[in-house]
Amino acid sequence: MKNKFLKAVFVIALGGALVTSCKPKSSGDAVSGDAAQKAYVAPGKYDEFYNFVSGGFSGQLSVYGLPSGRLFRVIPVFSVDPEKGWGYSEETKPMLNTSQGFVPWDDLHHTEMSQTNGEIDGRWVFGNANNTPRIARIDLKTFKTAEIIELPNSGGNHSSPFITENTEYVVAGTRFSVPADYSNGDVPINTYKENFKGHISFVKVGKEGEMDLAFQIVTPGVNFDLSHAGKGKSHGWFFFSCYNTEQANTLLEVNASQKDKDFIMAVNWKKAEEYIKAGKGKKQSVKYAHNTWDEKTHTSKSEIKTEVLVLDSAELKDICYMIPCPKSPHGCDVDPSGEFIVGSGKLAALIPVFSFDKMQSAIAKKQFEGNYGGIPVIKYEAALHGEVQKP
């Protein structure tokens, strides 16, 4: 009997030692651990931050609380949502109308929040439709999609949406240049350089958030990617990364990566506004949908518009400037002061940082190395502040 008791005690002690030895070092209790306590938000309490997350191929927008990580809401935007009836009910179907008819799916790729004086103000979230080019505005009073506007003259809407310092505009660039809607689009692909054009869209945002396609700028046929507006001293400018300046149309992995430098395109949208007021814009025939939701009646409507105002960057020489940027840039950012513009070359081994003051000086002194499709090209060194080597 005594031996059986000792064996039992030994087995229990050995089991406890094994459990203890298997426990990870420095692990705390899942509930009382310091990390869990920092992230815990009690029911009825508010998170400190809200994270608005693009849903990608779902076409929707998710809202998470931070630090809790709680999912508060999935907001239907560009795709049908059976749970909420979005795109199924007669009241919501017009929100998914386009110039091509009813489109029940899209890829919501990027989000951007409204700003005042360059700081997020929490009024609206804007999201892009990557497939059928559109921009949506989500009202943060209701956490519902309030408006969707289609973008003509655009082949993909990855370069979108980007907000100016006081939400004067939400801006988008065509990912792939295409023949303009107002031109003869039935052209062979090997005439890319002659017939394919880029368009930058400036969508005016009203006091209540209402969107209006104010104007577009037509550019040479390149691919536009991530962009940011100027801030502070560079307010009134926009900076777009662009690639495939080779204007290749076959074997893009090879043929669109031939040059050592592509461009950051600097756009003086304040100057563009002056040209609009002076009557320099040309009205072009297009077709695009503008869809709005009425929160009072819980109904939506879709209006097809047939005209857009276009400025030509080749004719108006001082609204766009190209800054050489290594190599195949897919991103561009501006520091909080507005002085430094950073380009991100996808195939480059360095990150160039450009100076807004030096860019302005180079423009004043006409320090150009020629032009690209009629747009002046600023000398690289003339605008360069420095390079981050092997980041």
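Our subject is the structure that appears above.
Let us look at the structure shown here. Please read these numbers as outputs of a predicted model, since none were measured by experiment.

1. Some thoughts on the packing of aromatic side chains
Point 1. Enumeration according to the criterion identifies 18 aromatic pairs in this entry.
Point 2. Between Y50 and F72, the aromatic rings sit 5.7 Å apart at their centres with planes inclined by 50°, giving tilted as the arrangement. Of this pair, Y50 sits in strand β1 (residues 49–54) while F72 sits in strand β3 (residues 71–75); the two residues are 22 residues apart in sequence, bridging distant segments of the chain.
Point 3. For F72, a relative accessible area of 41% corresponds to the partly exposed category.
Point 4. Summarising the aromatic geometry, the rings of Y169 and F215 are spaced 5.9 Å apart at their centres and angled 80° between planes, so their arrangement reads as edge-to-face. Here F215 lies in strand β13 (residues 211–219) and Y169 lies in strand β11 (residues 169–173), a separation of 46 residues in the sequence. With respect to burial, Y169 and F215 carry one shared label: buried.

2. Things to note about the environment of D312
Point 1. Here D312 shows up in strand β18 (residues 299–312).
Point 2. With 78 residues separating them along the chain, D312 and K390 place their C-alpha atoms 38 Å apart.
Point 3. With sequence-adjacent residues up to four places away left out, D312 is seen in contact with V218 and I319.
Point 4. At 2.9 Å, the side chain of D312 and the backbone nitrogen of A314 are in polar contact.

3. Description of the layout of surface pockets
Point 1. One number sums up the size of the largest pocket: a volume of about 360 Å³.
Point 2. Around the largest pocket, the lining is made up of 17 residues, and of these W124, R137, D139, A146 and E208 lie nearest the centre.
Point 3. Within the residue set of the lining of the largest pocket, elements represented by two or more residues are β7 (119–129), β8 (134–139), β9 (144–150) and β17 (282–294).
Point 4. By residue class, the composition of the lining of the largest pocket is three nonpolar, three polar and eleven charged.

What counts, and at which threshold
Residues numbered from 1 in each chain as written. Predicted model: local features only at pLDDT ≥ 70, side-chain atom pairs only at ≥ 80, totals over all residues. Heavy atoms only, no water. Phe/Tyr/Trp six-rings, centres within 6.5 Å; stacked < 30°, edge-to-face > 60°. Helix = DSSP H or I, 4+ residues; strand = E, 2+ residues; numbered from the N terminus. Buried < 20%, exposed > 50% of the residue type's maximum accessible area, 1.4 Å probe, protein only. Contact = heavy atoms within 4.5 Å. Polar contact = N/O pair within 3.5 Å; in protein donor to acceptor, adjacent residues only side chain to side chain. 1 Å grid on protein atoms, 1.4 Å probe; cavity = no way out; pocket = protein on both sides within 12 Å on 5 of 7 lines; lining within 4 Å. Points joined across faces, edges and corners; volume = space filled by probe spheres on them. Nonpolar A, V, L, I, M, F, W, Y, C, P; charged D, E, K, R; others polar.

Remember, this is a structural readout, not a statement about activity or role.
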